[in-house]
Amino acid sequence: MRKRAIRLRPVMLTMAVLAVAVALLPVGYLAIRTAEAGWDKIAAELFTVRIVRLAVTTVSLTAVVTAGCLVLAVGSAFLVVRSDLPARRLFAVLAVLPLAIPTYVAGFAWRSTFDGFEGFWAAALVLVLCSYPYAFLPVAAALVNADPAQEEVSLALGRTPWQTFTGVTLGQIRPAIAGGGLLVALYVLSDFGAVSTLRADTFTRAVFVAFDLGFDRTGALVLSTALLLLALVVLVAENATRTVGARHASLRGSRRPPTLIGLGRARWPVAVLLTATACLSLGVTAVSLVRRFAEGVSRPRGWAEVAEALGNSVVLSAAGTVLTMGLALPIGLLVARGPGRTARLLDRLTYISHALPGLVVGLSLVFFGINVAYPIYQTPWLLALGYAALFLPLGVAATAAAAAQSPPVLEQVAASLGRSPLTVLRTVTIPLLAPGLGAGAALVFLACMKELPATLLLRPTGTDTLATSLWRSTSVAAYAAAAPYAGLLVALSTIPPLVLAARAGVLQKPRKRNRS
Amino acid sequence: MPHAPRTLPALLAGVLLLSLAACGGEQSTSTAPSSAAATKKITVYSGRSEELVKPLLDKFTQASGITVDVRYAATAAMAAQLLEEGERSPADVFFAQDAGALGAVAKKGLFAPLPADVTSRVPETYRARSGEWVGVTARARVLVYNPGKAPEQELPASVFELTDPKWKGKVGVAPTNASFQAFVTALRVQHGEDRAKEFLAGLQANEPQIRDGNGPILEEVDAGTITVGLINHYYLGELAKERGVTPDQLTAKLHFFPGGDTGALVNVAGVGLLKKAAANADAKAFVDYLLGAEAQAYFAEQTFEYPVVAGVTGPAGVPALGELQAPDVDLNDLDELETTITLIKDSGLVP
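Residues numbered from 1 in each chain as written. Chains lettered and ligands numbered in written order. Predicted model: local features only at pLDDT ≥ 70, side-chain atom pairs only at ≥ 80, totals over all residues. Heavy atoms only, no water.

## Let's talk about the UniProt feature "binding site: Fe cation" (unreviewed entry) in chain B
All names here are of chain B.
Step number 1: This chain's UniProt record puts "binding site: Fe cation" (unreviewed entry) on Y234 and Y235.
Step number 2: For Y234, a relative accessible area of 4% corresponds to the buried category.
Step number 3: Excluding residues within four positions of it along the chain, Y234 makes contact with Q97, R139, T303, F304 and E305.
Step number 4: Relative to the assigned elements, Y235 resides in helix α9 (residues 235–243).
Step number 5: Using a relative accessible area of 13% as the deciding quantity, one classes Y235 as buried.
Step number 6: Aside from chain neighbours lying at most four places away, what touches Y235 is N214, G215 and L218. (UniProt positions renumbered as here; feature names shortened; annotations may be inferred. Buried < 20%, exposed > 50% of the residue type's maximum accessible area, 1.4 Å probe, protein only. Contact = heavy atoms within 4.5 Å. Helix = DSSP H or I, 4+ residues; strand = E, 2+ residues; numbered from the N terminus.)

So this is what it looks like as structure tokens:
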């Protein structure tokens, strides 16, 4: 019977390798194009003061935003999950909703609301406000699932609440913090929206500028290669924190609600603070969009077109999500069920392209479509593949986390009862993972909906999505015509974060401890 | 409440399955790379905005019975896509926002020369010497100004004066914009590399207000947060349209540099035929249409650009194309961008 269970591994491994190949398409493309450029051109692009300047800005921005997001995410997650904060569930929703706002929309809103709002710190602020939910979600989930007994022991042994928080709680949620931090850091490396509207000179902005300046593909691609190297550094750094934190895997068994910490007098000031955060992360953009709509006289060419764009957005994002999750599943399972160097390596490899700007990933898929997969060029299938290459890590992370939490013994029992590996996968593993897969799918779906540069390059000719319609209108200053698209994009995008928040358990009713 | 978290993913999965089916259905109607045969259907890659181009294409389809499949993207990204696709591109026609992009595609040898009966309708100034692309509309570089911040009589006579300390912190520029690059190339062609370099250094030292496009500059000049800005003339029309007013009701006004100054460069948006469409009568009919009276008048009225074909009335509210004292620069000389880019990069105006 054990033999059967083992036989599934080569299949999983093959599928995982295939999935990683998709994620590595952009890397292969960059390697080919950069090699074509020749050493002289590469050297001329790379060994300049400009590159050093770009690298310093990029690294600083990544560090500042990641740190900012982690402080904001851990702080608000702790308050929402562990304190007697008023309207906790409302604040949980508010902390997740910024995921619905694309950075190019937020950047534009801030820029047009506050005169002279630009530069490094402006971009850092907008990026923190837009991307801290990437860290908030896993941290909040980890706090919900953490074992309160450890904290109680610490308190009983005479440590102060602060010592307990730093010594015990942070340790318990360290893997979640590291994972969230990784997503934020890679996101910042790849972000184009905020850095271009607010003019922070990062690698990604330089890549786009290179395309704009004389259509310099080679220069842009050499810069992208440098970006890949930075991504590797981030990955190695995160990996280092993980090995240390590995011992803090959540202890399952008798789950018990944690003690809610009384905030006392700080209760309302803290609520005000969180409200202010929400005003900054959501309010500025909302007010700006409404104002634009009210001021302008341009209108969409008809609601039928708006509806069509909405439908296309949903269908294309869904196709991208299905493909991405299908590819993520074998990698996630491999990481959770057959840990080892190979699994670890495959997992890490999916993250590399995540740092690349959408334009570069899009071009790599154009290259792949033209030269290898011509029959699916400019069809939804290639676009879905592009989404998979861009967002695979989001799916892998969710799948691996879910697989790690579901006990493998159930699968072993099913196998020992004579079920075939495929039946076990279908009847036991997938249902066990379903909530986790759902969370991953929600995150991927959201990312697909907001994606713009790769969508423009890969979409079927004549197909408009909400994001491309938004771009189309704003590029001719028809802001009022853009507003319904922006509004729908944001409105539709709020659904996945709500699913995610529900999944993380932060929307559960506060537990009344005095009753138990 | 363990129920909600479980039903939600299940719902989601249902939606995904449905949409996957829909997606499969969509593929049959989507445009897989089409053949170049005269199927009464052509594929156009447009670097020009859909808002501006689509109504015109609808008219063309009505008049000719030729269906047009259009891909829209920013001109630079579209050029990158065409270069990546090479000879296997599904595109028959590239309709670009500026001559530089057309030049880049022409350099790769992807365009077929246009027939002489097409090109001869456009003055030599506004088309490629090789016949590989032809201008469709002309646009002038201008200095947009806020009369409350800079009265008309104080405006500079030459773009070179903008490096004067008098304009410190007051000039809006969009150095990543293709039209700015064309302007810098024109500076080089007209005054030599050193002078161009000196100008960019002076501009940078004068702490310009850098924006990522002409639109934001215009809006800020109109609002008075920037005093003057280097943009293309038709942006004023666009903003007026969005506000529901005529261009002269806006606060911002246009200043055309006099006396053949480089600051008054006239550039074109144009079109080229991809090689596979060299013998495609439908694609040629499309280019013909763009240069016809109806399309030319449409551009003048709707996009506020200058028609390039004789006998069509120009846009309202700006001097006629013939009255502009444009510099004596051949647009064919503007496709050598490499030095320009080095100059712009070295100036520190871009990252």
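## With respect to the packing of aromatic side chains
Step number 1: Per the stated rule, a full pass over the model turns up 20 aromatic pairs over all chains.
Step number 2: Consider the rings of A:W110 and A:F114, whose centres lie 5.3 Å apart with planes at 40°: the pair is tilted.
Step number 3: Above the ring of A:Y374, the side-chain terminus of B:R88 is found at 4.1 Å from the ring centroid. (Phe/Tyr/Trp six-rings, centres within 6.5 Å; stacked < 30°, edge-to-face > 60°. Lys NZ or Arg CZ within 6 Å of the ring centre and 35° of its normal.)

## Re the domain arrangement of chain A
By a widely used convention, the size of an interface equals the accessible area lost when the partners come together.
Residues and elements named next belong to chain A.
Step number 1: Each assigned domain of chain A is listed here: domain 1 (1–25 + 296–496) and domain 2 (48–248 + 267–295).
Step number 2: Each of domain 1 and domain 2 has a C-alpha centre, and the two are 21 Å apart.
Step number 3: Opposite the 32 residues of domain 1 that make contact, domain 2 presents 34 residues.
Step number 4: In this assembly, domain 1 packs against domain 2 so that about 3000 Å² is buried in total across both faces, 73% of it on carbon and sulfur atoms.
Step number 5: The three residues of domain 1 that bury the most area against domain 2 are R348, A355 and K450, which together make up 18% of that side's buried surface.
Step number 6: On the surface where domain 1 and domain 2 come into contact, there are 0 salt bridges.
Step number 7: Between the two partners, domain 1 and domain 2, sit 2 residue pairs in polar contact (both at pLDDT 80 or more).
Step number 8: Only α15 (341–352), α16 (358–371), α17 (380–405), α19 (421–450), α21 (466–474) and α22 (479–493) provide two or more residues apiece to the side of domain 1 that touches domain 2.
Step number 9: A total of 8 residues in the side of domain 1 that touches domain 2 trace back to one element, the largest contributor, which is α22. (Domains from an automatic or database assignment. Buried area = accessible area lost by both parts, 1.4 Å probe. Salt bridge = Lys/Arg side-chain N within 4 Å of Asp/Glu carboxyl O. Polar contact = N/O pair within 3.5 Å; in protein donor to acceptor, adjacent residues only side chain to side chain.)

## Remarks on the interface of chain B and chain A
Step number 1: Every contact between the two is made by 62 residues of chain B and, on the other side, 72 residues of chain A.
Step number 2: For the pair chain B and chain A, the two sides together bury roughly 6100 Å², of which 60% comes from carbon and sulfur.
Step number 3: Considering only the surface of chain B that becomes buried against chain A, B:E84, B:E242 and B:P351 emerge as the three largest contributors, covering 14% of it.
Step number 4: One salt bridge in this structure joins B:E84 and A:R33, with 2.3 Å as the shortest N-O distance.
Step number 5: One can count 18 residue pairs in polar contact (both at pLDDT 80 or more) joining chain B with chain A.
Step number 6: Counting only elements with at least two residues in the side of chain B that touches chain A, the list comes to α1 (3–29), α2 (50–64), β2 (67–72), α3 (75–85), α4 (99–107), α8 (214–223), α9 and α12 (338–347) of chain B.
Step number 7: Taken together, the residues of the side of chain B that touches chain A break down into 30 nonpolar, 12 polar and 20 charged. (Nonpolar A, V, L, I, M, F, W, Y, C, P; charged D, E, K, R; others polar.)

## Observations concerning the packing of helix α11 (residues 203–212) of chain A against α16(A)
Residues and elements named next belong to chain A.
Step number 1: Contact pair α11 / α16: the axes reach a minimum separation of 9 Å and the direction vectors enclose 55°. One element, α11, and the other, α16, form an angle in the oblique class. In this structure, α11 contributes V207, F208 and F211 to the contact, and α16 contributes L359, V360 and L363.
Step number 2: Per-class residue counts for the contact of α11 with α16 are 6 nonpolar, no polar and no charged. (Axes fitted to C-alpha atoms, helices over the stretch in contact; angles between N-to-C directions. Parallel < 35°, antiparallel > 145°, perpendicular 65-115°, else oblique.)

## Overview of the environment of B:D117
All names here are of chain B.
Step number 1: Relative to the helices and strands, D117 is located in helix α5 (residues 116–119).
Step number 2: Overall, the relative accessible area of 45% leaves D117 in the partly exposed class.
Step number 3: Through-space distance from the C-alpha of D117 to that of D288 is 9.3 Å; in sequence the pair is 171 residues apart.

## Thoughts on the side chain of A:S76
Step number 1: Secondary-structure assignment places A:S76 in helix α3 (residues 49–82).
Step number 2: Take A:S76: its relative accessible area is 5%, and that puts it in the buried class.

## Digging into the domain arrangement of chain B
All names here are of chain B.
Step number 1: If you check the domain split of chain B, you get domain 1 (41–138 + 267–319) and domain 2 (139–265 + 336–347).
Step number 2: The C-alpha-based centres of domain 1 and domain 2 are spaced at 26 Å.
Step number 3: Each partner contributes residues to the interface: domain 1 has 18 residues there, and domain 2 has 14 residues.
Step number 4: Regarding the contact of domain 1 and domain 2, the summed buried area is about 1200 Å², with carbon and sulfur atoms giving 58% of it.

## Describing the pattern of salt bridges
Step number 1: Inspection of every chain in the model, using the stated rule, returns 25 salt bridges over all chains.
Step number 2: For A:R33, the salt bridge is made with A:E36, and the minimal N-O distance between the two is 2.7 Å. Pair noted here: A:R33 and A:E36 are both in helix α1 (residues 2–37), with a separation of 3 residues, about one helical turn.
Step number 3: According to the relative accessible area criterion, A:R33 is buried, its value standing at 16%.
Step number 4: The exposure class assigned to A:E36 is exposed, which follows from its relative accessible area of 56%.
Step number 5: Across the salt bridge formed by A:E118 and B:R211, the nearest N and O atoms sit 3.3 Å from each other. On the criterion of chain membership, the pair formed by A:E118 in the loop between α5 (103–113) and α6 (120–145) and B:R211 in the loop between β7 (209–210) and α8 is interchain, its members lying in two chains.
Step number 6: Note on A:E118: relative accessible area 28%, which makes it partly exposed.
Step number 7: What emerges from the salt-bridge pattern is a single network uniting A:R111, A:E118, A:R199, B:R211 and B:E220.

## So, the state of the cysteines
All names here are of chain A.
Step number 1: Across all of its chains, the model carries 0 disulfides over all chains by this definition.
Step number 2: In this model C69 remains outside any disulfide bridge; the closest cysteine sulfur is found in C130, 9.3 Å from its own.
Step number 3: Judged by its relative accessible area of 0%, C69 is buried.
Step number 4: Here C279 is not cross-linked by a disulfide; its sulfur's nearest cysteine counterpart is in C130, at 15 Å.
Step number 5: Looking at C279, the relative accessible area reads 46%, which means it is partly exposed. (Disulfide = S-S within 2.5 Å.)

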